[in-house]
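Residues per chain are reported as follows:
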Amino acid sequence: MSREELFDRLAQAVIEGEPEDAEELAREALAQGLDPLACINEGLTPGIDRVGELFASGEYFLPDLIIGGEAMKAALAILEPALTGDQERQVLGRVVLGTVEGDLHEIGKTLVGTMLTANGFSVTDIGIDRPAADFVAAVKEANATLVGASALLTTTMLQQQKIIEALQEAGLRDQVKVMVGGAPVTQSWADKIGADGYAEDAVSAVALARRLVSAPT
Ligand code: B12
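Residues numbered from 1 in each chain as written. Predicted model: local features only at pLDDT ≥ 70, side-chain atom pairs only at ≥ 80, totals over all residues.

Caption draft 1: Region of the structure containing the site of the ligand. Neighbouring the ligand are 38 residues, the closest being Gly52, Gly108, Gly148, Ser150 and Gly181. Of all the secondary-structure elements, those providing two or more residues to the shell around the ligand are helix H3 (36-56), helix H4 (62-84), helix H5 (107-118), strand E3 (146-150), strand E4 (177-181) and helix H9 (202-212). The element contributing the most residues to the shell around the ligand is H3, with seven residues. A breakdown of the residues in the shell around the ligand according to their chemical character gives 21 nonpolar, twelve polar and five charged. Shared between two domains, the shell around the ligand holds at least three residues of each, these being domain 1 (3-84) and domain 2 (94-212). (Near = placed C-beta within 6 Å. Helix = DSSP H or I, 4+ residues; strand = E, 2+ residues; numbered from the N terminus. Nonpolar A, V, L, I, M, F, W, Y, C, P; charged D, E, K, R; others polar. Domains from an automatic or database assignment.)

Caption draft 2: Structural context of the sheet that holds strand E1 (residues 94-100). In spatial order, the strands read E2-E1-E3-E4-E5; together these five strands make up an open sheet with parallel pairing. Edge positions in the sheet fall to strand E2 (122-130) and strand E5 (197-198), since each of these pairs with one other strand and no more. Against the sheet, H9 touches E1, E3, E4 and E5, its axis set at about 165° to E4. (Pairing = 2+ DSSP bridges. Contact = placed C-beta atoms within 7 Å. Axes fitted to C-alpha atoms, helices over the stretch in contact; angles between N-to-C directions.)

Caption draft 3: Local environment of the domain arrangement of the protein. According to the domain assignment, the protein contains domain 1 (3-84) and domain 2 (94-212). Here domain 1 and domain 2 have C-alpha centroids that lie 24 Å from each other. Taken together, the contact between domain 1 and domain 2 spans seven residues of the former and five residues of the latter.

Caption draft 4: Geometry of unusual backbone geometry. Despite not being glycine, Asp129 has its phi angle at roughly 55°, a positive value. Mapped onto the secondary structure, Asp129 falls in strand E2. Unlike most non-glycine residues, Asn143 shows phi in positive territory, near 50°. Within the element layout of this structure, Asn143 appears in the loop between helix H6 (132-142) and E3. Overall, the presence of 10 C-beta atoms within 10 Å leaves Asn143 in the exposed class. (Buried ≥ 20, exposed ≤ 12 C-beta atoms within 10 Å, placed from the backbone.)

Caption draft 5: Local environment of the packing of helix H1 (residues 3-15) against helix H2 (residues 19-31). The interhelical angle for the contact between H1 and H2, taken along N-to-C directions, is 160°, at an axis separation of 9 Å. Here H1 is positioned roughly antiparallel relative to H2, judged by the angle of their axes. Crossing geometry of H1 relative to H2 is assigned as left-handed. Residue-level contacts link Leu6, Arg9, Leu10, Ala13 and Val14 of H1 to Asp21, Ala22, Leu25, Glu28 and Ala29 of H2. Its residues assigned to classes, the contact of H1 with H2 comprises seven nonpolar, no polar and three charged. (Parallel < 35°, antiparallel > 145°, perpendicular 65-115°, else oblique. Left-handed = near helix turned anticlockwise from the far one by under 90°.)

Caption draft 6: Here's a closer look at the pairing of E3. For E3, the buried fraction is high: five of the five residues fall into the buried class. Residues Leu146, Gly148 and Ser150 of E3 are buried on one face, and the alternating residues Val147 and Ala149, pointing to the opposite face, are buried as well. Of the pairings in the sheet, the one linking E1 to E3 comprises five bridges and is parallel in character. Within E3, the residue paired with Thr99 across the bridge is Ser150. Note: E3 against E4, five bridges, orientation parallel.

Caption draft 7: Inspection of the pairing of E1 at higher detail. Of all seven residues in E1, six are buried, a share of seventy percent or more. Here six bridges tie E1 to E2, and the two strands are oriented parallel to one another. Considered in E2, the bridge of Val95 is made with Val123.

Put into structure tokens, the structure is as follows:
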């Protein structure tokens, strides 16, 4: 199977909601020596974007979203360890990462975490649906230098602002830089709530994190 054909089939496995196929194709891609990041960016991501479009246009319903997400996760479970590589590298910064309260979307957040880990950051992933207080507690616990807050719903974006306020109240705002992201989030929203940065995808999240800790890009 050619590289393009494999990417196309990965996308189709997500669109059709076939976790087993997605997993098998991911294994095949690695066996062929394909770059795991390219499999994610050129195969899985266009697939899940299409699922979102079909949902928005009313052709797909919630179960289709769920199974599409499951297919993407099944393939990521194979691809991500290959992305992370060896762990013995200099730590560029300690990141607390989570999806905000009321929001169950985990795929993008997890991918950002994987990419940050792959690029030399130490990541504490506190999971999904996490209140601002959990971010604050994790920052203290990990003595973090960066916070990443993911929100995929227009209704939960407000929680990103709550996290910044909670960090201020805890006297930790000067210690950490706050990055925000998620499909509805924009640079102007980040500016409005006083976040230190916004990135539209996992690759630019790494560049942003490096910039925020002043590491060379
Ligand atoms: C899969 C999915 C789900 C799955 C999630 C499964 C899981 N385990 O994560 C399930 C079925 C649970 C779900 C539920 C719902 N969903 Co949904 N879902 C999606 C979908 C199709 C894909 C999201 C995804 O995983 N994308 C792939 C990842 C890789 O991309 P990403 O999340 O955007 O993340 C990237 C960037 O945003 C960025 N990023 C993300 N986080 C962060 C954080 C930082 C710090 C940084 C720097 C960057 C960054 O980098 C990531 C990697 O490149 C989107 C549509 C879409 N295309 O976005 C809808 C979507 C987000 N969902 C939507 C809706 C409406 C819902 C529900 C309300 C549906 C319902 N009626 O119940 C519920 C809400 C549940 C809740 N309380 O959270 C809407 C949101 C509309 C809005 N603007 O508010 C969308 C946009 C679909 C649509 N077009 O209508 N959903």
